[in-house]
Amino acid sequence: MSYGRCNQSREVRASYELKQAAAEFYKSRNVPERLEEALNSTFYVKPEDVYGHLANFFAKLSKTPVISEIKGKKVLDGTGKATLEVEVFCTVQNIDKSVCSSVISACSDLLHHTSANANGFGEEERINSIDVAIEWIKNDLSPLLKGISPNEQLKIDQLLREYFKPKMEEENTKMRVEKDTEPSPPESTQTPVASLEKKRGSGKGKKTAVTEKPIPPEEPHKPAIVGSLAVGGVSLAVATSGAVINKIPLYLHISSLKHQQVPTELVMPTPMISLLSYGKMSPGKLNLMKEVLVIPNTELSIQQSVDMVLALQKQIVKQLDSVSKAGSVIKNVSPLGCLILACDRVDQPLELISEACGHLSLELGTNLHLAINCAAHELIDYNKGKYEIVSGTFKNPDEMVDLYVDLINIHPSIVALLDPLRKEDRVQWQRLCIALGSRCYLIGEVATKSVSELLEIRDINIPWSSGLAVKHTNETTICDLLEVFRLVEGEKRVSIIGGLFEESLGDSIADLAVGLGARFVKLGGLMRGERTTKYNRLLTIEGELMQNGTLGRRAQYEFPVFCEDEQGLA
């Protein structure tokens, strides 16, 4: 017998002996049908493929991977500030290994008005909160979730809620005690919200005193609980692990959780892309427009939308450069990823964009629409009880409604206003919805409650608005997001998932937007890496859906119907 035939005989014999050993092993466990299937599928393949084939087959019969450990660590976000990364380790075929890691942004832009520290809290407080979150993960959450499959998202999020609930109650009790024991400030230092008087001329040339309506006082702000980032971070990391184990993208895993089955079609959200920034922190007099955003035509793909905005951005820079030769134009980049410009009039940014569109043969209202993030909570002067829309120019809440009506009448290409008023100005929100709700989305971003508060009261109609901009941060779990989106859809409202002012380098928000079925996604501009990372992820998802034939068609804009004699949406 030649060496080759001898060697082949040994391999065949080894294959036969392996079959016999496997037969005895599985026969003792009463699995003859699976045994026959396994052995017949391997015995007649090439001898050199036997072991790999058996390994692949029996891997399918192994136990479902379970969480073995969860770790948290401090990393940097896109602005160089601290945030939290969560890493999940699972036992896969009796081996503990890292499955994935996810980064969640630390929310620091929740204050209702601008202060000396525009970030809402200092860097020391942020770092302390992240350190506490890491301790929670190490000492409590990792042991709590050990042995549970990452596919059990509902169970895990419920455990996370139960863990966090006593900490939230403890914090609420502490705040109540502090409020009760806090001495009342002297009357002279209290924020005046009383009626103001101003004089107007009468028809006979006399001046009469007209009483201004007092504005509602600011509702108490509910700060984020120190360490709460651990809950949202772990929930996101577990969902990502579930997607990895199931060998599907995160967006498909999220959509399966929402619909209880794998969807046959998914629709890409329409991007709201930040183009220009003004607001309180800009060098000019205009305060009203913290962001001017581009909303591409719904028929455009994500790639076409990004290309169009990049061209528009380039053209605006070109226009500014031509002007700067005769004067001085300041161009900085906002943490939102767009240009910070100086303007003195409300119409000036819109005229700049209109001119750029003319050079590119783009038609406002057809190829693209606009949205304005008014950030009204940053403009309020509580001493005057008015909004400072331009330096030195103040409007009361009723005058703000008139301002927006005039603005939309002159510029009908504006189809969305974000935070046009404080949430406390509910009467004016209602007036604005009745006046403009049929042709413009009126969205509450800061002017709405947090996800946890929304789920507690289960009422998204305070104040009236066309929809909500939801953010994933702090104690918000994946199941919380699913429930909020169900509430929004049940009320036939518009859902937006948005990024934070200071974003991380993670791209999971793109998957969340697609999986949750958000109508819009607000990620910032195209001039910072942490922003473009998320747009790149959207491009990848769109390409996968197109390749698989599961990309659905976006619907045209449909505005909710508001009725004056009703206390909600029609």
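Calculation notes
Residues numbered from 1 in each chain as written. Predicted model: local features only at pLDDT ≥ 70, side-chain atom pairs only at ≥ 80, totals over all residues. Heavy atoms only, no water. Helix = DSSP H or I, 4+ residues; strand = E, 2+ residues; numbered from the N terminus. Contact = heavy atoms within 4.5 Å. Areas by Shrake-Rupley, 256 points an atom, 1.4 Å probe, with all protein chains shown as cover. Axes fitted to C-alpha atoms, helices over the stretch in contact; angles between N-to-C directions. Parallel < 35°, antiparallel > 145°, perpendicular 65-115°, else oblique. Left-handed = near helix turned anticlockwise from the far one by under 90°. Nonpolar A, V, L, I, M, F, W, Y, C, P; charged D, E, K, R; others polar. Pairing = 2+ DSSP bridges. Expected span 1.5 Å × (residues − 1). Bend = angle between axes of the 7 residues up to and from the residue. Buried < 20%, exposed > 50% of the residue type's maximum accessible area, 1.4 Å probe, protein only. Core = buried A, V, L, I, M, F, W, Y, C linked by side-chain atoms within 4.5 Å.

Draft legend 1. Here's a closer look at the overall build of the protein. Looking only at helices and strands, the protein has 15 helices and 18 strands in total. Residue pairs at least 24 apart in sequence account for 71% of intrachain contacts in the protein once pairs closer than 6 positions are excluded. Accessible area for the protein stands at about 27600 Å²; split by element, carbon and sulfur atoms hold 51% of it.

Draft legend 2. Just the packing of helix 14 (residues 508–516) against helix 15 (residues 529–548), in detail. The N-to-C vectors of helix 14 and helix 15 enclose an angle of 45°; their axes lie 8 Å apart at closest approach. Here helix 15 runs oblique to helix 14, going by the angle between their axes. Between helix 14 and helix 15 lies a crossing of right-handed hand. Residues Ile509, Ala510, Asp511 and Val514 of helix 14 lie in contact with helix 15, whose contacting residues are Lys534, Arg537, Leu538 and Ile541. Partitioned by chemical class, the residues of the contact of helix 14 with helix 15 number 5 nonpolar, no polar and 3 charged.

Draft legend 3. Looking closely at the sheet that holds strand 13 (residues 393–395). Pairing in this open sheet of 3 strands is antiparallel, and the strands run 11-12-13 from one edge to the other. Looking along the sheet, the strands with just one partner apiece sit at the ends: strand 11 (380–381) and strand 13. Pairing of strand 12 (residues 386–390) with strand 13, which is carried by 3 bridges, proceeds in the antiparallel orientation. By the bridge assignment, Val390 is partnered in strand 13 with Thr393.

Draft legend 4. The arrangement of helix 4 (residues 123–145) in detail. The first and last C-alpha atoms of helix 4 sit 30 Å apart over 23 residues, in line with the 33 Å expected at 1.5 Å per residue. Along its length, helix 4 shows its largest kink, about 45°, at Ile137. Listed in full, the buried residues belonging to helix 4 are Arg126, Ser129, Ile130, Ala133, Ile134, Trp136, Ile137, Leu141, Ser142 and Leu145. Directly after helix 4, the chain includes Gly147, whose backbone phi takes a positive value near 90°.

Draft legend 5. Quick peek at the nonpolar core. Counting 94 residues, the largest nonpolar core has Leu276 and Leu288 as the members making the most contacts within it. Other than its neighbours up to four places away in sequence, Leu288 contacts Val346, Asn373, Cys374, Leu379, Ile389, Met400, Leu403 and Tyr404. In this structure, Val92, Ile225, Val231 and Val234 belong to the second largest nonpolar core, which totals 31 residues.

Draft legend 6. The arrangement of the pairing of strand 7 (residues 291–296) in detail. Most of strand 7 is tucked away: 6 of the 6 residues are buried. Burial along strand 7 is two-sided: Glu291, Leu293 and Ile295 facing one way and Val292, Val294 and Pro296 facing the other are all buried. Relative to strand 7, strand 6 (residues 270–277) is paired through 3 bridges, and the arrangement is antiparallel. Note on strand 7: the bridge partner recorded for Leu276 is Val292. Where strand 7 meets strand 10 (residues 368–373), 6 bridges bridge the pair, whose relative direction is antiparallel. What sits directly across from Leu293, in strand 10, is Ala371.

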